[in-house]
Amino acid sequence: MKIVKEREKLKKDYLGIVHTQYFTFAEPSHPLQLKSGRSIGPVTIAYETYGKLNADKSNAILVCHALSGDAHAAGLSPDDKTPGWWDDLIGPGKALDTRQYFVICSNVIGGCKGSTGPSSVNPETGKPYALDFPMITIADMVEAERYLIDHLGIEKLLCVIGGSMGGMQTLQWASAYPDRILAAIPIATALKHSPQQIAFNEVIRQSIMADSAWRKGDYYEYGQPEKGLAVARMIGHITFMSDQSMEEKFSRKLKNDNLSFQFTDDFEVEGYLRYRGYNFVKRFDANSYLYITKALDYFDLSGNYFIPDVKKTSVRFLVISFKSDWLYPSYQSQDIVRALKRKHAYTTYFDLISTYGHDAFLIEIEDETRLVKNFLAHIHQH
Amino acid sequence: MEKNEAMKPDHQIIIDIIHEGAHVLDLGCGNGELLSLLRQYKSARVQGIELDEEQMHACVEIGLTVLQGDIESGLVDYPDQSFDYVILNQIMQEIKKADYVISESLRLGRKVIVGFPNFAHLSARLTLLLSGKTPINEALPYYWFETPNIRFLTIRDFIDYCAKKNISIEQQYYLGKRGRISFLPNLMAQNAIFVITK
């Protein structure tokens, strides 16, 4: 009896199997205009939804993913039952409570998880776009998401939420479509990429492009530039953690009991980075990594670009940063808050205590849940 | 407003001062008690600044907008005259740069409400005089080794300060043990609330 109850409880807590859906728009006669001046079409967007859209379509929340994320934010994937990347935050009774809200997550354009990107087939040549794919910006990603929201028949989103690059999309939504969202929750993000952030991304790109297997992007017949992409991801993982979280996770622990006095992975931290790097090669397209890091670097909503047209915005903001995040340091979130103060926007800002570095936005679920839940509960009050 | 027995006397006074629909900033808003009352009774548009994370969570739970930060650095980014009222209630004694905070508050608020415990209250004077100990009373309830207060000021100190800085005092309220008083305030009042403008 007890076991049955436990199972029922588990069922309630989980969304079960979720299937990715696809939406194609911008047929060649009406291509999607991009910030670079170029255009692209047709465009396919992979997306998932959780919960039910209510009758007046007022309960929709858009979740935006980070650099290597995808549309599978919650529930279990049909093939290998992998939980979504933010499954701890999305589901029945969770922060984004699917009994109450209709939650949408889509893969960004330029990506490689079902949405149109450099690895997609160019209808004109019948081959993958590779470097013929146009440069994509965060604004272009948001524009594609706007097409999806239109397609779903939603006039106004209750909230847009995301961490890191997802936070940039959230800020872009608030800037481009302030009348189409009620609330925005940018987490661990920035109004513009700093030189340090651009520098890390440039090293990441150079490590991919220095691999001879990259073949100027035309590697699809031969396989990924594995070595370059793995190193690129290793660099990324170092920036996602903090000095303290690395000390706690690895310290100077050895993989075997003694030093090898060879260039093998003696330390656990080395083994971890190699494992992460080579795993990434299996799941992420190297060209997509180039395009998306460039989109991050181009992002700049500073100055008067942030919410430019309205003097007073009615969008309610919840800005969250983490004290140990050195990739997107708290001061960058405070810059967002500063800009919002100048616009007299309703703003709540938390600089949460965490030792996990940039990864905290995926790990500090308890604090995020408490905040997001209470924040969402009062959006309609004003 | 009608007198509400459950309400703190200083909150009651501040609510009476503030006009319907005012735009209010509360510096050191704590758990948001005063702001939620202002929202409820005066439909005020309210914003808080607070440093303590637990207190901030309490604010978000009741739907208040609150910024995490210390008071000194939280003020600079607001444009002039951003608020109808800036509230500095029971916080003056804890602020490091009091002069700076008051002048910044006067810049971004049309009016500033300052509430503080009066260190010259009779019981405080007697304690110091007779027992030679740091006064402890309802308005100053801490021992010296646990108090958050870094400065002590009196009603007369504050009035002198305003005169020196060309700050005009629009209204003043004095609170004794059993409510408002007007007789010998610097001796009889435990708490004072001033409405000041530049």
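Residues numbered from 1 in each chain as written. Chains lettered and ligands numbered in written order. Predicted model: local features only at pLDDT ≥ 70, side-chain atom pairs only at ≥ 80, totals over all residues.

Broken down by element type, chain A carries eleven helices and 14 strands. Over its C-alpha atoms, taken along the principal directions, chain A stretches across nearly 65 × 60 × 50 Å. Per-residue burial over chain A gives 50% buried out of 382 residues. A separation threshold of at least 6 residues defines the contact pool for chain A, and within that pool the share at least 24 residues apart is 71%. (Helix = DSSP H or I, 4+ residues; strand = E, 2+ residues; numbered from the N terminus. Buried ≥ 20, exposed ≤ 12 C-beta atoms within 10 Å, placed from the backbone. Contact = placed C-beta atoms within 7 Å.)

A word on the overall build of chain B. Of the regular secondary structure elements, chain B holds eight helices and eight strands. Computed over its C-alpha atoms, the radius of gyration of chain B comes to 16 Å, within 12% of the 16 Å expected for a compact globule of 198 residues. For chain B, the C-alpha atoms occupy an extent of roughly 45 × 35 × 35 Å along the three principal directions. Taken over 198 residues, chain B has a buried fraction of 40%. In chain B, of all internal contacts separated by at least 6 residues, the share reaching a separation of at least 24 is 59%. (Rg over C-alpha atoms; globule rule 2.2 N^0.38 Å.)

Side chains that are nonpolar tend, in soluble globular proteins, to be buried together. If you look at the biggest cluster of nonpolar residues, it comprises 162 residues, and the most contacted ones within it are Ile61(A), Val63(A), Val103(A), Cys159(A), Ala184(A) and Leu88(B). Both of domain 1 (2-191 + 301-381) and domain 2 (197-295) of chain A provide at least three residues apiece to this core. Excluding residues within four positions of it along the chain, Ile61(A) makes contact with Leu96(A), Tyr101(A), Val103(A), Leu157(A), Leu158(A), Cys159(A) and Ile161(A). (Core = buried A, V, L, I, M, F, W, Y, C linked by C-beta atoms within 7 Å. Domains from an automatic or database assignment.)

Across the contact, 17 residues belong to chain A and 13 residues belong to chain B. Counting residues per element, the ones that place at least two in the side of chain A that touches chain B are α9 (330-342), β14 (347-352) and α11 (365-377) of chain A. With five residues, the top contributor of residues to the side of chain A that touches chain B is β14(A). For the side of chain A that touches chain B, the class distribution of residues is six nonpolar, six polar and five charged. (Nonpolar A, V, L, I, M, F, W, Y, C, P; charged D, E, K, R; others polar.)

Once that is clear, we can look at the pairing of strand β4 (residues 43-50) of chain A. All names here are of chain A. Within β4, seven of the eight residues are buried, leaving the element largely enclosed by the surrounding structure. Sheet topology places strand β1 (residues 21-25) next to β4; five bridges connect them, and they run antiparallel. By the bridge assignment for β4, threonine 24 is matched with threonine 44. As paired elements, β4 and strand β8 (residues 102-106) share four bridges and run antiparallel to each other. In the strand pairing of β8, tyrosine 47 is matched with serine 106. (Pairing = 2+ DSSP bridges.)

In this section: the pairing of strand β8 (residues 191-197) of chain B. Residue and element names in this part refer to chain B. Of all seven residues in β8, five are buried; the element is thus mostly enclosed. Of the strand pairs in this sheet, strand β5 (residues 109-117) and β8 are connected by six bridges, and their pairing is antiparallel. Within β8, the residue paired with valine 112 across the bridge is isoleucine 196. When strand β6 (residues 168-176) meets β8, the two strands line up antiparallel, connected through seven bridges. Residue pairing for β8: tyrosine 173 is matched across the bridge by isoleucine 193.

This next bit is on unusual backbone geometry. The linkage connecting Gly41(A) with the following residue, Pro42(A), adopts the cis geometry, with an omega of -5 degrees. Relative to the assigned elements, Pro42(A) resides in the loop between β3 (39-40) and β4. One non-glycine residue, Ser43(B), adopts positive backbone phi at about 45 degrees. By the secondary structure assignment, Ser43(B) is in the loop between α2 (33-42) and β2 (45-50). Residues other than glycine seldom take positive phi values, yet Gln81(B) does so here, at roughly 55 degrees. Counting through the fold element by element, Gln81(B) comes out in the loop between α4 (71-74) and β4 (83-89). Accessibility expressed as a C-beta count within 10 Å gives 12 for Gln81(B), which makes it exposed.

This paragraph deals with the environment of Ala22(B). Residue and element names in this part refer to chain B. Looking at where alanine 22 falls in the secondary structure, it is placed in the loop between α1 (9-17) and β1 (23-27). A residue is classified by how many C-beta atoms lie within 10 Å of it, and alanine 22, with 18 of them, is partly exposed. Sequence separation between alanine 22 and serine 43 is 21 residues, and the spatial gap between their C-alpha atoms is 7.5 Å. Setting aside residues up to four positions removed in sequence, alanine 22 forms contacts with Lys42, Ala44, Asp84 and Tyr85.

What follows concerns the domain arrangement of chain A. Reports often express the size of an interface as the amount of accessible area lost when the parts come together. All names here are of chain A. You can read the domains of chain A as domain 1 (2-191 + 301-381) and domain 2 (197-295). For domain 1 and domain 2, the distance between their C-alpha centroids amounts to 26 Å. Residue-level contacts link 26 residues of domain 1 with 19 residues of domain 2. Considered class by class, the residues forming the side of domain 1 that touches domain 2 number 15 nonpolar, ten polar and one charged.

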